[in-house]
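These are the residues of each chain, in order.
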Protein chains: 2
Amino acid sequence: MAKKRVTSHDVARLAGVSRTTVSFVLNDVPHVQISEETRQRVLEAAENLGYRPHAAARSLATRQTHTLALVLYQTADRIMGDAFLANVVRGLSEIAQQRGFRLLLHPFEGIGKSEAYVSLVSENRIDGLIVSGPRSDDEQLPELCAEGFPLVLLGQLNGADINCVDVDNTAAAYRAVAHLIKLGHTRIGLITNAPLEYTASTDRWRGYCQALTEASLSYDESVVRYGSFVARSGYQAMGELLALAEPPSATFVASDEVAVGALAALHEQSLAVPEQMAIVGFDDIPLARYLVPSLTTVRLPAYELGVRAADMLIQTIEGENIAEKKILLNTQLIIRESCGSKPQ
Amino acid sequence: MAKKRVTSHDVARLAGVSRTTVSFVLNDVPHVQISEETRQRVLEAAENLGYRPHAAARSLATRQTHTLALVLYQTADRIMGDAFLANVVRGLSEIAQQRGFRLLLHPFEGIGKSEAYVSLVSENRIDGLIVSGPRSDDEQLPELCAEGFPLVLLGQLNGADINCVDVDNTAAAYRAVAHLIKLGHTRIGLITNAPLEYTASTDRWRGYCQALTEASLSYDESVVRYGSFVARSGYQAMGELLALAEPPSATFVASDEVAVGALAALHEQSLAVPEQMAIVGFDDIPLARYLVPSLTTVRLPAYELGVRAADMLIQTIEGENIAEKKILLNTQLIIRESCGSKPQ
DNA sequence: GCGCGTTAGTAACACGAGTTACTTAAGGGG
DNA sequence: CCCCTTAAGTAACTCGTGTTACTAACGCGC
């Protein structure tokens, strides 16, 4: 005894008009003549019956799905580590909802199994694609772009000329390290957030180098370690730095999550932060200010990143001109205790 | 010059058969007679043309979308705080992908604006619904359930007889507090993870009470405070407990995130953990073991929670019988430094 | 040689919308 | 009185697939 689905046909019958008219009225089709009276009759009938257009039927006819997909091109570790991502998603889905779009989530771990998300496109399941953490070994991406499929990267892919929204990682890292230099440090370690295959990781590394160069400090590979998203990797990396004959007096850890591991290692070896080792993190996770010591870090506009990406994508889909193909958002250095600045 | 979409018609023509036959072959329809030779011819043609069925057309015909929606019935704070949720999502989407389903993400903040997700159902956009953090003031939920729409709760809703997957919060909290009691504490504070409107919060509170009762300790409302997902709330709550004339010697904080705030407050007032205040958290966020001191906490099977929920939902959709309507998963007390146990 | 079952396949309809091209009636000008 | 325009609305087609009911050909037994 399941309630039968209400179709536009039912609405038409109740209002005493044709299905065409119903469609015209409900979609507010311009340049079409419908008397105010029938218009009201149709609206009322639709309301009374609780009519909802069938999404599949509609998208079959209009060739639009009003659905976006967010592809998370990254491992489980990464998804999890990123409180950051949750905020990006919040921004994305807020704008999407505002403009009448749904958000499909498509995480996948299998490197190279990118066929998976291409099927979303070739089955006409979505109107546009947001790819987070794109990798340069993904061959499908440039292809999709060449075909003109609406696409926005969260992050960057050098070489490819694809619409993207990102944070200026290099500038942010530069400022973080420059701050440490200003505080008098001359031997500064680096623990990256991730392996260098990730462009965000490379960019932060580049910012680190720039700051050193500008201060005429030499780049010393022996104080550089590579984290991989999670605290454990920071714990281990800091352990290695401390085992050096001549450890740095400060370290830039390009991820808060990783920095927490580093702090644990320092505590374990009874080294005081910031007195014996100054630390600057990256991300400004919600916990950063409640850590002991509270963490100096770089704040990312995660929510806004999502908003801008969704905005850009929907504009592309709807054929509007977009002002800039590459949006770089600014970051903010949040100074707390772990770097040893005087409180401001 | 956009490549024209390849339809089953094209495949039929290339293979020299009818469209019906193509459909039969590609869908492996049973009890239908197709010679091995034509079968091969069709498969080959489909392969050569790179044929992909149009999702909307298909779901119009079959009345199935092969899409699930995850409704996040909670505020931005919550989404963000939960590294937990990320893992649940991982479990969900893994099973979904395995069984050929897509996952639609539908967070929403407006309490009461539940009409929003109902539209997913009434527009036939999805085959099933997973609702995380259901609230008892949601009137749509029981209604959907009564209509027989496939539904699984992540969490519980007392009163309603809806399929659900959850963690045994009461038992978990009971064990956490019992552990503190065993260590000799007789005055134990409680900081909840969230306001009591959330059932998870109530359940943990109940576990706390049970442990006290069983040890013949009296419930003292003055050492109970209500957190709300984020570290800040824990910082403040602990501040209040410390301001009491007679503060507790141990506190059960029903969320790691909130516990971090509590730890910060303790450190600020130079109280040693666990010596002057023992702490047990809840969630086992990835950072828990790297905090200073490392956090004793309750580990939740987040990933498995997602797996089971997806499994249950897809079974419901496909009309299979489900063994139990209510799945409660076990938790694990992870003993670290913050509770003051001897290392095991 | 006739009827019957089986094999291999197809024509035609359903799903629920959007859209193009056409019809009909009323009003207006000469 | 006739022609022309405009307002109001509709019949019929499209989108791409799944599915039911039917047909044509073939082999087989009697």
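Scroll up a little and you will see the structure.
Okay, so let's go over this structure. Starting from 1, residues in each chain are numbered consecutively following that chain's sequence as written. As a convention, the first chain written is A and the first ligand written is 1, with the rest following in written order. Totals for whole chains, interfaces and linings use every residue, but because this is a predicted model, local features are given only for residues with pLDDT of at least 70 and side-chain atom pairs only at 80 or more, for both listing and counting.

Alignment of copies: least-squares fit on C-alpha atoms of residues with pLDDT of at least 70 in both copies. The operation relating chain B to chain A is a screw motion whose rotation component is 180 degrees, with 0.0 Å of axial translation and a residual RMSD of 0.1 Å. This pairing of chains is accounted for by a two-fold axis. Same-surface contact between copies: 100% of interface residues of chain B are shared with the interface of chain A. Note on contacts: each residue gets a C-beta atom placed from the backbone, and two residues are in contact if those atoms are within 7 Å.

This brings us to the sheet that holds strand E11 (residues 326–329) of chain B. Strand pairing is assigned whenever DSSP detects at least two bridges linking the two strands. Numbering goes from the N terminus for both helices and strands, where a helix is a DSSP run of H or I of at least four residues and a strand is a run of E of at least two. Pairing is mixed across the open sheet formed by twelve strands, whose spatial order is E11(A)-E5(A)-E4(A)-E3(A)-E1(A)-E2(A)-E2(B)-E1(B)-E3(B)-E4(B)-E5(B)-E11(B). The sheet is open, and its two edges are formed by strand E11 (326–329) of chain A together with E11 of chain B, each paired on a single side. Strand-to-strand twist across the sheet, computed as the mean angle between neighbouring axes with direction ignored, equals 20 degrees. With four bridges connecting them, strand E5 (residues 164–167) of chain A and E11 of chain A associate as parallel partners. Its bridge partner being in E11 of chain A, Val165 of chain A is matched across the sheet by Ile327 of chain A. To define axes, lines are fitted to C-alpha atoms, for helices over the stretch in contact only, and angles between the resulting N-to-C directions are given on a 0 to 180 degree scale.

All names here are of chain A. Relative to the 18 Å expected for 13 residues at 1.5 Å per residue, helix H12 (residues 256–268) spans 18 Å between its end C-alpha atoms, a close match to the ideal helical length. Any residue surrounded by 20 or more other C-beta atoms within 10 Å of its C-beta is treated as buried, while 12 or fewer makes it exposed and the intermediate range makes it partly exposed; C-beta atoms here are placed from the backbone. Counting buried positions along H12 yields eleven of 13 residues, so the element is predominantly enclosed. When we look at burial in H12, the residues that qualify are Asp256, Glu257, Val258, Ala259, Val260, Gly261, Ala262, Leu263, Ala264, Ala265 and Leu266. At the C-terminal side of H12, Ser270 shows a positive phi close to 55 degrees. A helix is expected to span 1.5 Å for every residue after the first.

Further remarks concern the protein's contact with DNA strand C. Neighbouring DNA strand C are 24 residues, the closest being Thr7, Ser23, Ala57 and Ala61 of chain A together with Ser18 of chain B. Those elements that place two or more of their residues in the surface near DNA strand C are helix H2 (19–26) and helix H4 (55–62) of chain A together with helix H2 (19–26) and helix H4 (55–62) of chain B. Among the elements that take part in the surface near DNA strand C, H4 of chain A stands out by supplying five residues, more than any other. Put simply, Ala, Val, Leu, Ile, Met, Phe, Trp, Tyr, Cys and Pro go in the nonpolar bin, Asp, Glu, Lys and Arg in the charged bin, and everything else, Gly too, in the polar bin. Broken down by class, the residue content of the surface near DNA strand C amounts to nine nonpolar, 13 polar and two charged. By definition, a residue lies near a molecule or strand when the C-beta atom built from its backbone is within 6 Å of it.

Interhelical geometry of H4 of chain A versus H4 of chain B gives an angle of 140 degrees and a closest axis separation of 8 Å. Between H4 of chain A and H4 of chain B, the interaxial angle falls into the category oblique. The way H4 of chain A lies across H4 of chain B gives a crossing that is left-handed. Of the residues in H4 of chain B, those touching H4 of chain A at Ala56, Ala57, Ser59 and Leu60 of chain A are Ala56, Ala57, Ser59 and Leu60 of chain B. Class assignment for the residues of the contact of H4 of chain A with H4 of chain B results in six nonpolar, two polar and no charged. For this classification, under 35 degrees means roughly parallel, over 145 means roughly antiparallel, 65 to 115 means roughly perpendicular, and everything else is oblique. Should the near helix be turned anticlockwise from the far one by less than a right angle, the crossing is termed left-handed; should it be turned clockwise, right-handed.

Any functional reading would require information that these geometric values do not contain.
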